[in-house]
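A structural walkthrough
Each chain, written out:
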Amino acid sequence: MSDSGAADKAAIEAVLVESYKAWEAGDADGMVAGYTADATAIMTGSLRDGRDVIRRNMALAFEGPLKGSSTYDKQLSLRFVGRDAAIVISESAVLFAGETEVPDETRRVNATWVFEKRDGRWLIAAYHNSPVLVPGQ
């Protein structure tokens, strides 16, 4: 990987780390700071269209069911699509207050993160997740 490729990979991973830290702090503004204004987030049963909508939904969740939560995230791959786009695939889950590991495999999701480089900065343009299918279910 070239030096610029390594730097881009590190920059993308830093955006994710900062978003996870903000989640753990219950900081919806910080969580979406690395999102484009027109970002989309698709999760089972919902489409959140735009950074402001994502932020509002997360703020409500951090005050309610996600209060005190954090995330588990295992990056499975990161690949570049041209010079200004990248796709990250991860396995993720919500860790509720007091949890240190995912207690139930059915809570894991496979996630796709689409990154776009805008004005020299890597930002999340889209996020989508889908439940991990547990064998035999």
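Here, every reference points to the structure presented above.
A short tour of the structure in this document, coming up. (Residues numbered from 1 in each chain as written. Predicted model: local features only at pLDDT ≥ 70, side-chain atom pairs only at ≥ 80, totals over all residues. Heavy atoms only, no water.)

A word on the side chain of Asp-8
- Within the secondary structure layout, Asp-8 lies in helix α1 (residues 3–24).
- Judged by relative accessible area, which is 15%, Asp-8 ranks as buried. (Helix = DSSP H or I, 4+ residues; strand = E, 2+ residues; numbered from the N terminus. Buried < 20%, exposed > 50% of the residue type's maximum accessible area, 1.4 Å probe, protein only.)

Thoughts on the packing of aromatic side chains
- This model, assessed by the stated rule, comprises 4 aromatic pairs.
- The interplanar angle of 75° and the centroid separation of 5.5 Å between the aromatic rings of Trp-23 and Phe-62 together place this pair among those described as edge-to-face. Placement of the pair is Trp-23 in helix α1 and Phe-62 in helix α3 (residues 51–63), with a sequence separation of 39 residues.
- Overall, Phe-62 belongs to the buried group, its relative accessible area being 7%.
- The rings of Tyr-20, Trp-113 and Tyr-127 are connected pair by pair, giving a single aromatic cluster. (Phe/Tyr/Trp six-rings, centres within 6.5 Å; stacked < 30°, edge-to-face > 60°.)

Let's talk about the sheet that holds strand β1 (residues 35–43)
- Taking strand neighbours across the sheet as the criterion, the 6 strands line up as β2-β1-β6-β5-β4-β3 in an open arrangement whose pairing is mixed. Among the strands making up the open sheet, the edge pair consists of β2 (46–49) and β3 (70–80). Neighbour to neighbour, the strand axes of the sheet diverge by 15° on average, direction disregarded.
- The pairing of strand β5 (residues 109–118) with strand β6 (residues 121–131) spans 10 bridges and is antiparallel. (Pairing = 2+ DSSP bridges. Axes fitted to C-alpha atoms, helices over the stretch in contact; angles between N-to-C directions.)

Thoughts on the nonpolar core
- Judged by nonpolar contacts, the single largest core of 27 residues is most densely connected at Met-31, Tyr-35, Ile-54, Met-58, Trp-113 and Phe-115.
- At the level of secondary structure, the elements contributing two or more residues to this core comprise α1, α2 (28–31), β1, α3, β4 (85–95), β5 and β6.
- Top contributing element to this core by residue count: α1, with 6 residues.
- Each residue touching Phe-115, except ones within four places of it in the same chain, is listed here: Ile-12, Val-15, Leu-16, Asp-84, Ala-85, Ala-86, Val-88, Trp-122, Leu-123, Ile-124 and Ala-125. (Core = buried A, V, L, I, M, F, W, Y, C linked by side-chain atoms within 4.5 Å. Contact = heavy atoms within 4.5 Å.)

Quick notes on the pairing of β1
- Sheet topology places β1 next to β6; 4 bridges connect them, and they run parallel. In the sheet register, Thr-40 faces β6, and the bridge partner there is Ala-126.
- Across 4 bridges, the pairing between β1 and β2 is antiparallel. In the strand pairing of β2, Thr-40 is matched with Asp-49.
- What sits between the antiparallel neighbours β1 and β2 is a turn of 2 residues, in which Gly-45 has the positive phi angle 80°.

Quick notes on the side chain of Ser-19
- When you line up the elements, Ser-19 lands in helix α1.
- Residue classification places Ser-19 among the buried positions, given a relative accessible area of 6%.
- Sequence-distant contacts of Ser-19, defined by excluding residues within four places in its chain, comprise Met-31 and Tyr-35.

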